[in-house]
Amino acid sequence: LVLFGKWLEGQAKDKAAAAIWSLMAQQPYHAHLLRDGEEKEVPINDVKVGDILRVSPGQRIAVDGFVTEGQGGVDESMLTGEARAIHKDIGASLIGGSINLDGVLTYQASAVGFETMLSRIIRLVEGAQASKAPVERWVDKISTIFVPVVITIAVVTYLIWWFGIGDLDAAFTSAITVLI
């Protein structure tokens, strides 16, 4: 039972790790930065809060921000689960990693790097994966006492039946019964 529980825990951790990797894959590597009226492709690490960026249809939104020009539909299903595109207009918030479906959007970066919504979600999933629930800690404490006590009672039962009555089969059956 303990091994089965550890196996289930391992499976859950593997699924959480796969979810983290799929979220990380949603992060784009480049952004289209507008400076002095020119659009320039820059690494995502060079984007700073307040920079003006542009995203064309079919591209991923580089960082969190607010629409300053344009309108269109954005697929945020990777975070929200919403199957339909969400219409964005001037002033609407954008989530880094979501996909611009139609319309060219110009937006101002409001969060970059580890401060984006996607990065915060990744950190939360990693934290949840690494920590134990309170009930899990409680069960671990109980099992560290309960399991040795039950095994000790089973051994004592076995010895009493074997030495006291002399029946090896009954001693083995009684010890297994205590364990079960």
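Relevant structure appears above.
Predicted model only: the values in this text are computed from it and were never measured.

(A) A look at the sheet that holds strand 6 (residues 86-88). Read across the open sheet, the three strands follow the order 6-5-8; overall the sheet is antiparallel. Each edge of the open sheet carries a strand with a single partner, namely strand 6 and strand 8 (99-100). Two strands pair when backbone bridges link them, and strand 5 (residues 72-75) and strand 6 are joined in this way by three bridges, in the antiparallel orientation. Bridge pairing in strand 6 links Val74 to Ile86.

(B) Up close: helix 3 (residues 117-130). Look at helix 3: 20 Å from first C-alpha to last across 14 residues, which is about the 20 Å you get at 1.5 Å a residue. Among the residues of helix 3, those classed as buried are Leu118, Ser119 and Ile122. On an axial view of helix 3, the arc spanned by its buried residues comes to 100°, and they lie on one face. Facing away from the buried surface of helix 3 by more than 90 degrees, the exposed residues are Leu124 and Ala128. Close packing links the buried residues of helix 3 with helix 1 (2-25) and helix 2 (77-80).

(C) Examining the side chain of Ser98 more closely. For Ser98, the location among the structural elements is in the loop between strand 7 (93-94) and strand 8. With residues up to four places along the chain from it excluded, the contact list for Ser98 reads Gln59, Arg60, Ile61, Val74, Asp75, Glu76 and Met78.

(D) Structural context of the packing of aromatic side chains. Here the structure, examined in full by the defined rule, presents three aromatic pairs. Seen in terms of ring centroids, Phe4 and Trp7 are 6.0 Å apart; in terms of plane orientation they differ by 25°. Their pairing is stacked. In this pair, Phe4 and Trp7 are both assigned in helix 1, three residues apart and thus about one turn of the helix distant. Aromatic pair Trp162 and Phe163: ring centres 4.9 Å apart, planes at 25°, arrangement stacked. On the basis of relative accessible area, Phe163 is assigned to the exposed category, the value being 63%. Through a chain of ring-to-ring contacts, the aromatic side chains of Tyr158, Trp162 and Phe163 assemble into a single cluster.

Thresholds, definitions, all that
Residues numbered from 1 in each chain as written. Predicted model: local features only at pLDDT ≥ 70, side-chain atom pairs only at ≥ 80, totals over all residues. Heavy atoms only, no water. Pairing = 2+ DSSP bridges. Helix = DSSP H or I, 4+ residues; strand = E, 2+ residues; numbered from the N terminus. Expected span 1.5 Å × (residues − 1). Buried < 20%, exposed > 50% of the residue type's maximum accessible area, 1.4 Å probe, protein only. Arc of directions from axis to C-beta. Contact = heavy atoms within 4.5 Å. Phe/Tyr/Trp six-rings, centres within 6.5 Å; stacked < 30°, edge-to-face > 60°.

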